[in-house]
Amino acid sequence: MTVLAIVGATGAVGSTMIEIIDARETVPWSEIRLVASARSAGKVLRVRGEDVTVRLLEPEVFDGVDVALFDVPDEVSAEWAPVAAARGAVAVDNSGAFRMDPDVPLVVPEVNADEAANRPKGIIANPNCTTLSMMAAMGALHREFGLTALVVSSYQAASGAGQGGIDRLQAEITAVSGKDLGSRSGDVAAALAEAGLDADSPFPAPLALNVVPWAGSLKDDGWSSEELKVRNESRKILGIPDLKVSATCVRVPVVTTHSLAVHATFSREVTADAARKVLGAQPTIVLRDDPAAGEWPTPADAVGGDPTVVGRIRQALDFPDTLELFVCGDNLRKGAALNTYEIAETVAAGL
Ligand SMILES: NC(=O)c1ccc[n+]([C@@H]2O[C@H](COP(=O)([O-])OP(=O)(O)OC[C@H]3O[C@@H](n4cnc5c(N)ncnc54)[C@H](OP(=O)(O)O)[C@@H]3O)[C@@H](O)[C@H]2O)c1
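- The name that an unreviewed UniProt entry assigns to the protein chain is Aspartate-semialdehyde dehydrogenase, with the source organism given as Pseudonocardia hydrocarbonoxydans.
- Among the UniProt annotations of the protein chain, the heading Catalytic activity (unreviewed entry) holds the following wording: "L-aspartate 4-semialdehyde + phosphate + NADP(+) = 4-phospho-L-aspartate + NADPH + H(+)".
- Of the comments in the UniProt record for the protein chain, the one headed Function (unreviewed entry) reads "Catalyzes the NADPH-dependent formation of L-aspartate-semialdehyde (L-ASA) by the reductive dephosphorylation of L-aspartyl-4-phosphate."

Encoded structure:
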């Protein structure tokens, strides 16, 4: 008997987790428990062809559980992952609550799978989706060429802000569609106000037909929390404590799949061909890198799939030790649910 619990099964990441489990040919679980708040307890969801009733999050729900996946807000994970661990489960947490805890490994199976076994608190953390989207590529390039610095600009999807983010972008697109928007962005704000959408957004500005250079909360010196996560989590996952990292995180009106423009510097000269060879050999990376044929990564190529899609690989003009590349990864799959589930499979294999 190996029992899995999915806490937050009704959210954007939890729903994707169920899709991933449904698509697996076999699973190591004899029982899958679904857990959420009082808002959703009692709902019935289909998992691998069976009806499963969502249970309320309470300590007893973890009795007999081997692996508990947490796809809930930070404060819920902070309180409940230790409860699950105290009751004997390995908690794999998708939130930001434990990522930088020195006693909690931050795992991307392609990069540092061994770390999953080193879990003194019984908790393993899943990286944030923006960082995670580029880790398979950066891990592979680092192993070959020695990464020393990263400058990253993100183009992040609405679903990075959860189901609320998806619903908001859908509502905004409905509000602006069919309108004569004129030539000014102010007309978008007017269309949203007319539809009663001038408040209560998870985004700090209109997202439909717009680009918003902000994700997360305000930290010191004007940095956003998301930008600091890219820096700190990249260092921890890659095991390069002095990696130089600078990020600018931007929200774009894409439903799902984060994109990143990456400027990566190595300890030696790297040609685009050498990088293509390394990246093309990775099982979880797909190359779309033929601009002459109109081939490059876009969110539409990556969404719904497991691999990260990489292209626009260039040796930087004037910087022979630096590569420019563009990476797209489904933030709900590899960026969240898939990576977490891969960690769970690794843990189950060792039980
Ligand atoms: N979206 C992404 O791209 C992404 C990527 C990486 C990591 N993450 C992280 O993954 C976590 C989940 O994100 P999401 O996007 O799936 O959010 P979401 O769509 O808002 O879903 C939140 C889930 O948490 C449950 N929940 C909330 N408060 C709870 C409570 N007090 N007790 C029990 N369950 C509770 C909700 O259940 P109810 O149905 O009962 O409300 C729902 O199932 C967050 O920590 C997020 O930062 C998200």
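Moving on from the coordinates now.
1. Some points on the domain arrangement of the protein chain
Note on interface size: it is often stated as the accessible area lost on association of the parts.
Then, in step 1: Parsing the protein chain into structural domains produces domain 1 (3–126 + 336–349) and domain 2 (131–157 + 212–329).
Then, in step 2: Taking only C-alpha atoms into account, the centre of domain 1 sits 27 Å from that of domain 2.
Then, in step 3: Between domain 1 and domain 2, the contact holds 13 residues from the first and 13 residues from the second.
Then, in step 4: In terms of surface lost to domain 2, no three residues of domain 1 exceed Leu106, Glu110 and Val111, which account for 40% of the buried area on that side.
Then, in step 5: The tally of links between domain 1 and domain 2 comes to one salt bridge.

2. Some words on the UniProt feature "binding site: substrate" (unreviewed entry) in the protein chain
Then, in step 1: The feature "binding site: substrate" (unreviewed entry), as given by UniProt, occupies Gln156 and Arg251 in the numbering adopted here. These annotated residues cover 96 residues of sequence, but their C-alpha atoms sit close together, with the largest distance between any two at 4.6 Å. Lining residues of the largest pocket drawn from the annotated set just named are Gln156 and Arg251.
Then, in step 2: Counting through the fold element by element, Gln156 comes out in strand E9 (residues 147–156).
Then, in step 3: A polar contact is formed between the side chain of Gln156 and the side chain of Thr130, at a distance of 3.3 Å.
Then, in step 4: Among the secondary structure elements, Arg251 is positioned in strand E10 (residues 244–251).
Then, in step 5: Since its relative accessible area comes to 9%, Arg251 is described here as buried.
Then, in step 6: Ignoring anything within four residues of it in the chain, the contact list for Arg251 reads Gln156, Ala157, Ala158, Gly160, Ala161, Phe203, Leu207, Val211, Val212, Trp214 and Ala215.
Then, in step 7: One polar contact links the side chain of Arg251 to the main-chain carbonyl oxygen of Ala157, over a distance of 2.9 Å.

3. Considering the sheet that holds strand E7 (residues 90–93)
Then, in step 1: A sheet is described by the order of its strands in space; here six strands give the open sequence E5-E2-E1-E6-E7-E8, paired in parallel fashion. The open sheet is flanked by strand E5 (55–56) and strand E8 (123–125), the only strands paired with a single partner.
Then, in step 2: Where strand E1 (residues 3–7) meets strand E6 (residues 67–70), four bridges bridge the pair, whose relative direction is parallel. Paired with Val7 across the strands is Phe70, a residue of E6.
Then, in step 3: Strands in contact with helix H2 (residues 74–86) are E6, E7 and E8; relative to E6, the strand with the most contacts, it is inclined by about 175°.
Then, in step 4: Sitting on the sheet, helix H10 (residues 333–349) touches E1, E6, E7 and E8, and the angle it makes with E6 is about 170°.

4. Notes on the pattern of salt bridges
Then, in step 1: Taken as a whole and assessed by the stated rule, the structure comprises 14 salt bridges.
Then, in step 2: One salt bridge connects Lys334 with Glu110, and the closest N-O pair in it is separated by 2.9 Å. Highlighted residues: Lys334 in helix H10 and Glu110 in helix H3 (residues 109–112), separated in sequence by 224 residues.
Then, in step 3: A relative accessible area of 5% places Lys334 in the buried class.
Then, in step 4: Note that Arg276 and Asp273 form a salt bridge whose closest N and O atoms lie 2.6 Å from each other. Placement of the pair is Arg276 and Asp273 together in helix H8 (residues 272–280), with a separation of three residues, close to one helical turn.
Then, in step 5: Overall, the relative accessible area of 26% leaves Arg276 in the partly exposed class.

Calculation rules
Residues numbered from 1 in each chain as written. Predicted model: local features only at pLDDT ≥ 70, side-chain atom pairs only at ≥ 80, totals over all residues. Heavy atoms only, no water. UniProt positions renumbered as here; feature names shortened; annotations may be inferred. Domains from an automatic or database assignment. Contact = heavy atoms within 4.5 Å. Buried area = accessible area lost by both parts, 1.4 Å probe. Salt bridge = Lys/Arg side-chain N within 4 Å of Asp/Glu carboxyl O. 1 Å grid on protein atoms, 1.4 Å probe; cavity = no way out; pocket = protein on both sides within 12 Å on 5 of 7 lines; lining within 4 Å. Helix = DSSP H or I, 4+ residues; strand = E, 2+ residues; numbered from the N terminus. Polar contact = N/O pair within 3.5 Å; in protein donor to acceptor, adjacent residues only side chain to side chain. Buried < 20%, exposed > 50% of the residue type's maximum accessible area, 1.4 Å probe, protein only. Pairing = 2+ DSSP bridges. Axes fitted to C-alpha atoms, helices over the stretch in contact; angles between N-to-C directions.

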